[in-house]
Amino acid sequence: MTQIRPQPLTDAGFAAFGDVLDCSGTPDVMINQNMCGRFHDRARLDFGGGLSGLSLFDATPRSFPYTLDLMERHPLGSQAFVPMHQHPFLVIVAEDDGGVPGQPQAFITAAGQAINIHRNTWHGVLTPLQAPGLFAVIDRIGPEPNLEEYRFDEPYIIAP
């Protein structure tokens, strides 16, 4: 089995796969009587003609070493994961390689970071590293199938 070490989640390292959502830098504008910084329009949300939906996910926490044997992608829209806690979570993504995932890359978020995975990007399942595993998920809602899965013949091991 091939072992992968997760890297810290950064804008530059994740740019090919999606958007890092956080409140870094200076707010774009101050609102609410100058008591709230608005970090405006931080994700490229793409619903491909479908409706945007907000769902709540409650995922079982995972631990290291983590076995990666399945990746998925959503060809019709992006998918944003916003943790409803301050705990890091594991993000696994891969570039497309002729219709299947290429070499996976793993990232660990920092407290306060969320992600938006671009349309048609291979990614691992939601992987919180501790309870609670609560996330708000913003993605495409529509009648067309929007999920492709790929199972690896030989799994990868993600270890810190």
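Procedures and definitions
Residues numbered from 1 in each chain as written. Predicted model: local features only at pLDDT ≥ 70, side-chain atom pairs only at ≥ 80, totals over all residues. Heavy atoms only, no water. Helix = DSSP H or I, 4+ residues; strand = E, 2+ residues; numbered from the N terminus. Contact = heavy atoms within 4.5 Å. Buried < 20%, exposed > 50% of the residue type's maximum accessible area, 1.4 Å probe, protein only. Pairing = 2+ DSSP bridges. Phe/Tyr/Trp six-rings, centres within 6.5 Å; stacked < 30°, edge-to-face > 60°.

Inspection of the secondary structure puts isoleucine 158 in strand 15 (residues 148–158). Along the backbone, isoleucine 158 and phenylalanine 64 are 94 residues apart, and their C-alpha atoms lie at a distance of 6.9 Å. For isoleucine 158, the residues in contact, after removing those within four places along its chain, are Ile4, Pro6, Phe64, Pro65, Tyr66, Leu68, Leu90, Ile92 and Ala106.

As a further point, take the pairing of strand 8 (residues 79–83). The buried fraction of strand 8 is high, at four of five residues. Direction of pairing for strand 8 relative to strand 11 (residues 114–117): antiparallel, over a ladder of three bridges. Of the residues in strand 11, the one forming a bridge with alanine 80 is asparagine 116. Relative to strand 14 (residues 134–141), strand 8 runs antiparallel, the two sharing five bridges. Looking at strand 14, one finds that alanine 80 is bridged to isoleucine 138.

Turning to the packing of aromatic side chains, a few remarks are in order. Enumeration over the complete set of coordinates arrives at seven aromatic pairs. When the centroid spacing of 5.6 Å and the interplanar angle of 85° are considered together, the rings of phenylalanine 14 and phenylalanine 107 count as edge-to-face. A residue pair is termed long-range when its members are at least 10 positions apart, and phenylalanine 14 in helix 1 (residues 11–14) and phenylalanine 107 in strand 10 (residues 105–108) qualify at 93 residues. For phenylalanine 14, a relative accessible area of 0% gives the class buried. Overall, the relative accessible area of 4% leaves phenylalanine 107 in the buried class.

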